[in-house]
Amino acid sequence: MENEAFDNLDMKPEDFRKLGYRVIDMITEYYTSIQEIPVFPPVTTSEVEEVFKEDFPEAGQDPFNIVKEWKTKILPYATHLGSPRYFGFVNGSGTMIGTLAEAMAAAVNMNSGGWKAAPSATEIERRTIAWIAELVGFPLDCGGLFTSGGTMANFTALETALRNIAPYDITNKGLQDKQIPGKFRVYMSDHEGHISITRVVDLLNMGRESVHLVKSRDDFSMDTADLLKCIDQDISNGDYPLCVVGQVGSINVGVIDPLEEIAAICKERNIWFHADGACGAVGMLIPEKREQYQGLELADSITLDPHKWLYIPYDCGCVLVRDAEKMRRAFSLQAPYLRGTLPTEYSGLYYLDYGPEMSRSFRALKVWMSIKHYGREGYRKLLSQNVNCVEYLDTLVRKDEDFQALHKPNLLMYCMQYAPLILKEKYKLNPEQLDSRLDLLNQQIVDKIQISGTAFIMSSKIRGRIVIRLSVCSHRTTKEDILLVFLKLKEIGEGLSSRNIMEEY
Ligand SMILES: *Cc1c(COP(=O)(O)O)cnc(C)c1O
């Protein structure tokens, strides 16, 4: 062996401190500018590719130069979810203390898969999960853990359902047991059911077709009479109803399914009741909304995304399962290298026994710290402010004859359509032409406002029509932001519809 001097390549404490202060200064400056910064950089894929074209470095570089690239390369090509005018997908804005928590979690670098590798991290997760359980009215000793997001939370819940409800030993035999001819079926509403459920049944190899879409009522919530019909139909086909997924704050209109009715049906028929509250469950904190959540406490499992409406920095989803033992039964496995010790008082909960991940980051820290920072009171205020913004937007829309309101505002989601009178009156379009013209127009408005940098807004579909959709999920959004964005949408819409639109046909 060559006699090379040992070097662990760590920085000297003084250098680390200086570098850390530099980074904190940069982040603080960023937070100071977040109100003004264009929300989305109008850049092409190839432009971004060009910026990062660089070979694997042979020699190490000066860390001061590396972190500087945050300002020169990363921020200019970033989408700013922390902006008060970011309304895309359902993306939270990121708490400041969560930013620091991420650094601290990385510093201590515990692996929250196993107790021995993470005693305090495990206990913080357990405690925070109990807080969240209390928030949504679940038993405090329920099972639950943090995941990468709502999809993995839904996966964990449905896998638990499958393992506990299936009439044979899926854990060891898999889904391919010849004794069982029928298919497992999962129910969700046809309009507002979330596509992540399709992803989950896909991952579970139940087949995408196993999702049975249930009709919605006029207010977009699940029609439980149709749910019963669907269940009966499947049973008479020899299929096996596994789980009903209720929406708790749906993806387009923020509606909450009739949870109590679903719970009663599930209980009677021995079907798992999963409540997908990825974006909306925490709305339960708002006193005026509380009543809508009746029945959530009856679910077998609940998904709730702290990286959405608790504003926790990415990533962080969360699943709660009423009966922790059912989770353990679904996920626990043994290997000599996982425990490596006798069961003593120096060991506790192994989260790797309760979910799909083995190695797990210390996600709980940013949630724990954010909840401690804001308290129930702070969160109640932030959530109410978002709801007020949505209601304000609805008022603006209803007052303006060129806009069309599409649903009753609820929680953080809002959809609307720009439908200017000029199109209807001046151009004498028949209903079909009008619809397709409005679809195009609304898509163009959304594309245009994104590029403008004023706000990040996306389109979606309501009853087949393209609409402008906002998720008001930033703790920084004010009514002034809403007004500014509404006026900008109108300005863009007017610009687009005053052009000679018939040319496009
Ligand atoms: C966002 C969302 C999901 C998926 O969550 P991810 O964190 O994106 O994986 C699932 N269900 C609903 C209702 C959602 O809003």
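Rules used throughout
Residues numbered from 1 in each chain as written. Predicted model: local features only at pLDDT ≥ 70, side-chain atom pairs only at ≥ 80, totals over all residues. Heavy atoms only, no water. Helix = DSSP H or I, 4+ residues; strand = E, 2+ residues; numbered from the N terminus. Buried < 20%, exposed > 50% of the residue type's maximum accessible area, 1.4 Å probe, protein only. Contact = heavy atoms within 4.5 Å. Areas by Shrake-Rupley, 256 points an atom, 1.4 Å probe, with all protein chains shown as cover. Lys, Arg positive; Asp, Glu negative; His and termini not counted. Charge placed at Lys NZ, Arg CZ, Asp CG, Glu CD. Pairing = 2+ DSSP bridges. Core = buried A, V, L, I, M, F, W, Y, C linked by side-chain atoms within 4.5 Å. Domains from an automatic or database assignment. Phe/Tyr/Trp six-rings, centres within 6.5 Å; stacked < 30°, edge-to-face > 60°. Near = heavy atom within 4 Å. Polar contact = N/O pair within 3.5 Å; in protein donor to acceptor, adjacent residues only side chain to side chain. Right-handed = clockwise from strand over helix to strand, strands pointing away. Axes fitted to C-alpha atoms, helices over the stretch in contact; angles between N-to-C directions. Parallel < 35°, antiparallel > 145°, perpendicular 65-115°, else oblique. Nonpolar A, V, L, I, M, F, W, Y, C, P; charged D, E, K, R; others polar.

*Asks:* Just give me the short version of the overall build of the chain, but keep the residues and values in it.
*Replies:* For the chain, the helix and strand inventory stands at 17 helices and eleven strands. Seen along its three principal axes, the alpha-carbon backbone of the chain occupies a region of about 85 × 65 × 45 Å. Looking at the chain as a whole, 52% of its 505 residues qualify as buried. Intrachain contacts of the chain at a sequence separation of at least 6 include 73% that bridge at least 24 residues. When the accessible area of the chain is evaluated, it comes to approximately 24,700 Å², of which 53% is carbon and sulfur surface. Computing the positive centroid from 56 side-chain charges and the negative centroid from 69, the chain places the two 2 Å apart.

*Asks:* Describe the pairing of strand β1 (residues 143-147), naming the residues involved and giving the relevant values.
*Replies:* Taken across its five residues, β1 has five buried, putting it largely inside the fold. Taking every second residue as pointing to the same face, both faces of β1 are buried, with Gly143, Leu145 and Thr147 on one and Gly144 and Phe146 on the other. Looking at chain direction, β1 and strand β7 (residues 317-321) are connected through five bridges and run antiparallel. Pairing of glycine 143 across the sheet is with valine 321, part of β7.

*Asks:* Mind laying out the nonpolar core, listing which residues take part and the relevant values?
*Replies:* One recurring pattern in soluble globular proteins is that nonpolar side chains are buried together. Among the nonpolar cores identified, the biggest contains 66 residues, and Val136, Leu296, Trp309 and Leu320 are the most heavily contacted of them. When residues of this core are traced back to their parent elements, those giving at least two are α4 (96-108), α5 (119-135), α9 (224-236), α10 (259-269), β5 (272-276), β6 (301-304), β7 and α14 (364-399). Looking at this core, the element that brings in the most residues is α14, giving ten residues. For this core, the two domains that each supply at least three residues are domain 2 (111-361) and domain 3 (375-503). Every residue in contact with tryptophan 309, bar those within four places of it in the chain, is listed here: Cys279, Gly280, Val282, Gly283, Ile286, Leu383, Asn386, Val387, Leu411, Leu412, Val472 and Cys473.

*Asks:* Could you give me a rundown of the packing of aromatic side chains, with the residues and numbers involved?
*Replies:* Centre-to-centre distance and the angle between the planes together describe a pair of aromatic rings. The full count for this structure, using the stated rule, is nine aromatic pairs. Taking 6.1 Å as the distance between ring centres and 40 degrees as the angle between the ring planes, the aromatic pair formed by tyrosine 30 and tyrosine 31 counts as tilted. Like tyrosine 30, the residue tyrosine 31 is buried in the burial classification. Centre to centre, the rings of phenylalanine 184 and tyrosine 240 are 5.6 Å apart; their planes meet at 75 degrees, and the pair counts as edge-to-face. Of this pair, phenylalanine 184 sits in strand β2 (residues 184-189) while tyrosine 240 sits in strand β4 (residues 240-247), placing them 56 residues apart in sequence. Note on tyrosine 240: relative accessible area 30%, which makes it partly exposed.

*Asks:* Please set out the domain arrangement of the chain residue by residue, giving values where relevant.
*Replies:* You can read the domains of the chain as domain 1 (13-79), domain 2 (111-361) and domain 3 (375-503). Between domain 1 and domain 2, the C-alpha centre-to-centre distance is 37 Å.

*Asks:* Summarise the site of the ligand; cite the residues concerned and give the values.
*Replies:* The immediate surroundings of the ligand are formed by 14 residues, with Gly150, Thr151, Asp276, Asp305 and Lys308 found nearest. Threonine 151 is positioned such that a nitrogen or oxygen atom in its side chain is 2.7 Å from an oxygen atom of the ligand. Interatomic distance of 3.5 Å between a side-chain N/O atom of histidine 194 and a nitrogen atom of the ligand. Protein coverage of the free-state accessible area of the ligand, which is 380 Å², stands at 85%.

*Asks:* So, the pairing of strand β3 (residues 211-214): which residues are in play, and what are the values?
*Replies:* One ladder, built from four bridges, connects β2 with β3; its direction is parallel. Across the sheet, serine 189 pairs through a bridge with valine 214, a residue of β3. Viewed along the sheet, the connection from β2 through helix α8 (residues 196-203) into β3 turns out right-handed.

*Asks:* Please provide a residue-by-residue account of the packing of helix α6 (residues 150-165) against helix α12 (residues 324-331), values included.
*Replies:* Direction vectors running N to C along α6 and α12 enclose 85 degrees, while the axes themselves pass 9 Å from each other. If you check the angle between α6 and α12, you find them roughly perpendicular. Along the contact surface, α6 presents Phe155, Thr156, Glu159, Thr160, Arg163 and Asn164, while α12 presents Lys326, Met327, Arg329, Ala330 and Phe331. Here the residues of the contact of α6 with α12 are counted per class, giving four nonpolar, three polar and four charged.

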